[in-house]
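The residues making up each chain are set out below.
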Amino acid sequence: MENPVPDYLDEVVTACAPNLRGEPASYIPELAKVDPDRFGLAVATVDGEVYAVGDAEREFTIQSISKAFAYGLAVRERGLSHVLEKIDVEPSGEPFDEISLEEGSGRPLNPMINAGAITAHTLVGDDTTSPQGRVEQIIQLLSDLAGRELSVDEQVWHSEMAASDRNLAIAHMLRSHGIITDSAEDVVDAYSRQCSVLVTARDLAVMAATLANAGVQPVTGKRVFDGDQVRHLLSVMLTCGMYDSAGDWVSSVGIPAKSGVGGGIIGALPGQVGISTFSPRLDRHGNSVRGVAAFERLSKDLGLHLMRVAPPARSVIHSTTVLGEGEEAVRIYHLAGTIGFTGAERVVTRLTEHPPHERRLALDMTGVHSISGIARRMLLEATRRLREDGHEVFLAEGEDVLPSPDPGDGRELEDVPEL
Ligand code: GLU
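Residues numbered from 1 in each chain as written. Predicted model: local features only at pLDDT ≥ 70, side-chain atom pairs only at ≥ 80, totals over all residues. Heavy atoms only, no water.

Asks: Before we go on, may I ask you to explain the sheet that holds strand S9 (residues 330–339) in this structure?
Replies: In a beta sheet, neighbouring strands pair by backbone hydrogen bonds and run either parallel or antiparallel. Pairing in this open sheet of five strands is mixed, and the strands run S8-S9-S10-S11-S12 from one edge to the other. Of all the strands in the sheet, the pair left with one neighbour each is strand S8 (317–323) and strand S12 (414–415). Bridge analysis of strand S11 (residues 392–396) against S12 gives two bridges, and the strand direction is parallel. Within S12, the residue paired with Phe-394 across the bridge is Glu-414. Here helix H13 (residues 341–353) sits on the sheet in contact with S8 and S9, set at roughly 160 degrees to S9. Running at roughly 175 degrees to strand S10 (residues 360–371), helix H14 (residues 373–388) makes contact with S9, S10 and S11 of the sheet. (Pairing = 2+ DSSP bridges. Helix = DSSP H or I, 4+ residues; strand = E, 2+ residues; numbered from the N terminus. Contact = heavy atoms within 4.5 Å. Axes fitted to C-alpha atoms, helices over the stretch in contact; angles between N-to-C directions.)

Next comes the structure, spelled out in structure tokens:
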């Protein structure tokens with residue numbers, strides 16, 4: 001059988017391709033030279049499956065998408081509280097290159113606008129790291145995320161430097177507030193190199209899938225960020241990642257994302273997929289027109305909106321059966337799926353409101369593929385209380401999801417007896 005996913009993605013590209021609205025970025029002259037018709041789409045799952053269609057293997061510069069990852073690196077290396085002292089996480093509602101800082105503290109409003117991104121860039125490494133050293137660390141990080149060695153497009157970098165007055169102004173302003181200490185010229189030089197790293201949509205989809213996979217690159221298996229760092233980063237991407245159209249994006253697409261003026265967009269849906277599009281024509285906010293259209297379509301067709309209300313966890317108790325008869329009888333609760341707080345709450349409520357008539361009962365975990373820490377504690381506490389009420393409680397095949405189950409009364413849960 002041929003996998004239908006690439007056919008579906010081709011269909012999305014074909015449907016969005018006729019949209020020729022917008023213009024490639026021109027404030028960096030080299031970016032204006034790109035072929036505006038290029039259009040690539042790639043999707044990478046947290047299992048490491050990568051689908052790439054259209055121009056998904058064409059290189060372009062990462063631009064502002066690098067801001068998300070460099071910020072993640074700063075948080076990884078300096079710790080979140082230190083970084084928060086320098087950069088806030090409030091959506092600004094302003095264009096990306098606005099020369100604005102928070103009143104009083106002088107902090108940039110968030111790490112996705114240039115003021116915050118330039119600051120985050122300087123927080124990579126430690127106080128002794130040179131600007132060149134920072135660029136190397138960032139390129140290494142981006143390479144780890146992509147799973148291949150990435151490099152800088154020197155021509156785009158030169159072009160960006162020739163048009164860097166505004167970023168220099170931002171860097172000088174940051175220096176005057178004591179937010180950065182290096183020379184404005186050195187910082188903008190290094191930050192522009194970060195923006196000029198060449199990537200493909202395929203690379204970006206895998207990089208986004210690393211975030212979706214709680215920080216582990218799904219193809220190489222390398223851990224790049226820890227789960228808390230990813231949660232923070234995705235939150236900032238959701239609220240601030242799409243320039244000054246973040247609100248529109250959240251309501252129409254609902255996936256944490258970051259776009260760049262090179263024409264790329266990434267989106268990372270926790271636990272599911274990383275998505276990337278590449279199409280150079282930009283709307284007035286600086287977001288790729290066809291990229292936004294493709295994301296809207298994918299979000300709708302594939303049910304990827306983060307705020308989509310998932311079906312309730314009603315089905316956690318899949319069924320119950322009774323083994324044996326009389327005093328020997330064991331009522332077995334067959335649990336299934338992923339059990340979090342609400343799933344465990346349903347089990348506990350069922351056992352409280354409809355306690356089993358049988359004295360002996362068992363939790364069958366064979367159909368459960370994961371259980372959160374709190375759900376595990378709730379089920380073990382329920383077990384302890386059922387025992388206090390005079391029930392005997394067993395566990396069927398639970399070692400993988402409920403290893404060494406100790407309800408806290410000193411008696412481990414035993415296997416269902418042979419009947
Ligand atoms: N290098 C660009 C700048 O700082 C990145 C802008 C962007 O992609 O939004 O001006």
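Read on, since the account is not over.
Asks: Hey, could you run me through the side chain of Lys-67 in this one?
Replies: Mapped onto the fold, Lys-67 is located in helix H2 (residues 65–78). Among the polar contacts listed, one links the side chain of Lys-67 to the backbone oxygen of Met-112, at a separation of 3.1 Å. With residues up to four places along the chain from it excluded, the contact list for Lys-67 reads Phe-96, Pro-111, Met-112, Ile-113, Asn-114, Ala-117, Tyr-191, Gln-194 and Lys-258. (Polar contact = N/O pair within 3.5 Å; in protein donor to acceptor, adjacent residues only side chain to side chain.)

Asks: What's the story with H14 in this structure? I'm lost.
Replies: A rise of 1.5 Å per residue sets the reference length of H14, with its 16 residues, at 22 Å; its end C-alpha atoms lie 23 Å apart and thus fit the reference within 8%. The set of residues buried in H14 consists of Ala-375, Met-378, Leu-379, Leu-380, Ala-382, Thr-383, Leu-386 and Arg-387. On its buried face, H14 is in contact with S9, H13, S10 and S11. Just downstream of H14 lies Gly-390, where phi reads positive at about 100 degrees. (Expected span 1.5 Å × (residues − 1). Buried < 20%, exposed > 50% of the residue type's maximum accessible area, 1.4 Å probe, protein only.)

Asks: Teacher, can you tell me more about the site of the ligand here?
Replies: The local shell around the ligand consists of Tyr-27, Gln-63, Ser-64, Phe-96, Asn-114, Glu-160, Asn-167, Tyr-191, Cys-195, Tyr-243, Gly-260 and Val-261. Tyr-27 places a side-chain nitrogen or oxygen 2.8 Å from an oxygen atom of the ligand. Residue Glu-160 places a side-chain N or O atom 2.2 Å away from a nitrogen atom belonging to the ligand. Relative to its free-state accessible area of 290 Å², the ligand is covered by the protein chains to the extent of 98%. Across the shell around the ligand, the residue classes tally to six nonpolar, five polar and one charged. (Near = heavy atom within 4 Å. Areas by Shrake-Rupley, 256 points an atom, 1.4 Å probe, with all protein chains shown as cover. Nonpolar A, V, L, I, M, F, W, Y, C, P; charged D, E, K, R; others polar.)

Asks: Got a minute to help me understand the packing of aromatic side chains in this structure?
Replies: Using the criterion set out here, one finds two aromatic pairs in the structure. On the basis of an interplanar angle of 0 degrees and a centroid distance of 3.9 Å, the ring pair of Phe-60 and Phe-278 is categorised as stacked. Note that Phe-60 is positioned in strand S3 (residues 60–61) and Phe-278 in strand S7 (residues 273–278), a separation of 218 residues in sequence. Phe-278 shares its class with Phe-60; the two are buried. Over the face of the ring belonging to Trp-157 we find Arg-193, whose NZ or CZ atom lies 3.9 Å from the ring centre. Its end group placed over the ring of Tyr-243, Lys-258 keeps NZ or CZ at 4.3 Å from the ring centre. (Phe/Tyr/Trp six-rings, centres within 6.5 Å; stacked < 30°, edge-to-face > 60°. Lys NZ or Arg CZ within 6 Å of the ring centre and 35° of its normal.)

Asks: Explain a negative patch on the surface to me, please; I cannot follow it from the model alone.
Replies: Together, Glu-397, Asp-400, Asp-406, Glu-412, Glu-414 and Asp-415 make up a region of like negative charge exposed at the surface. Relative to the helices and strands, Glu-412 is located in the loop between S11 and S12. (Patch = residues over 30% accessible without salt bridge, like charges linked within 9 Å, V, L, I, M, F, W, Y side chains within 5 Å. Salt bridge = Lys/Arg side-chain N within 4 Å of Asp/Glu carboxyl O. Lys, Arg positive; Asp, Glu negative; His and termini not counted. Charge placed at Lys NZ, Arg CZ, Asp CG, Glu CD.)

Asks: I tried to follow helix H4 (residues 114–122) on my own but got confused; where do I start?
Replies: Note: α-helices contain 3.6 residues per turn, so residues at a spacing of three or four share the same orientation. With respect to burial, H4 is a largely interior element, nine of its nine residues being buried. Taken residue by residue, H4 has Asn-114, Ala-115, Gly-116, Ala-117, Ile-118, Thr-119, Ala-120, His-121 and Thr-122 as its buried positions. Tucked into the core, H4 has its buried residues touching H2, helix H3 (80–86), helix H5 (131–146), helix H7 (165–176) and helix H8 (184–195).

Asks: Explain the nonpolar core here, please?
Replies: Side chains of a nonpolar character, in soluble globular proteins, are inclined to be buried together. In terms of nonpolar packing, the biggest core is built from 51 residues, with Phe-69, Leu-142, Met-207, Leu-211 and Phe-225 touching the most fellow members. Among the secondary structure elements, those contributing two or more residues to this core are strand S1 (40–45), H2, H5, helix H9 (201–212), helix H10 (227–240) and strand S6 (264–269). Ignoring anything within four residues of it in the chain, the contact list for Leu-211 reads Phe-69, Phe-225, Val-230, Leu-233, Leu-234, Met-237 and Ala-268. Listed in part, the 24 residues of the second largest apolar core include Tyr-8, Leu-41, Val-273 and Ala-294. (Core = buried A, V, L, I, M, F, W, Y, C linked by side-chain atoms within 4.5 Å.)

Asks: Looking at this model, I keep getting lost on the sheet that holds S6. Mind explaining?
Replies: Judged by pairing direction, the sheet is antiparallel, and its five strands sit side by side in the order S2-S1-S7-S6-S5 without closing on themselves. Taken across any chain shown, the strands that pair with only one partner, and hence form the sheet edges, are strand S2 (50–54) and strand S5 (257–259). Across the sheet, the axes of successive neighbouring strands diverge by a mean angle of 10 degrees, strand direction being ignored. Sheet analysis places S1 next to S2, joined by five bridges and oriented antiparallel.

Asks: What should I look at first to understand the pattern of salt bridges in this one?
Replies: Proximity of charged atoms lets side chains of opposite charge pair with each other. Using the criterion set out here, one finds 25 salt bridges in the structure. Between Glu-30 and Lys-33 there is a salt bridge, with the nearest N and O atoms lying 3.1 Å from each other. Using a relative accessible area of 62% as the deciding quantity, one classes Lys-33 as exposed. A salt bridge links Arg-148 to Asp-203, with the shortest nitrogen-to-oxygen separation between them at 2.7 Å. A residue pair is termed long-range when its members are at least 10 positions apart, and Arg-148 in the loop between H5 and helix H6 (154–162) and Asp-203 in helix H9 qualify at 55 residues. Given a relative accessible area of 4%, Asp-203 falls into the buried group. Overlapping salt bridges, with partners in common, bring together Glu-327, Glu-328, Arg-359, Arg-360 and Glu-392 in one network.

Asks: I keep staring at the pairing of S10 and nothing clicks. Help me out?
Replies: Remember that side chains alternate between the two faces of the sheet whenever the strand is regular. Inspection of the sheet shows S9 paired to S10 by nine bridges, in the parallel sense. Across the sheet, the residue bridging to Val-330 is Arg-360, located in S10. In terms of handedness, the path from S9 via H13 over to S10 forms a crossover that is right-handed. Sheet topology places S10 next to S11; five bridges connect them, and they run parallel. Considered in S11, the bridge of Leu-363 is made with Leu-395. Handedness of the β-α-β unit built from S10, H14 and S11 comes out right-handed. (Right-handed = clockwise from strand over helix to strand, strands pointing away.)

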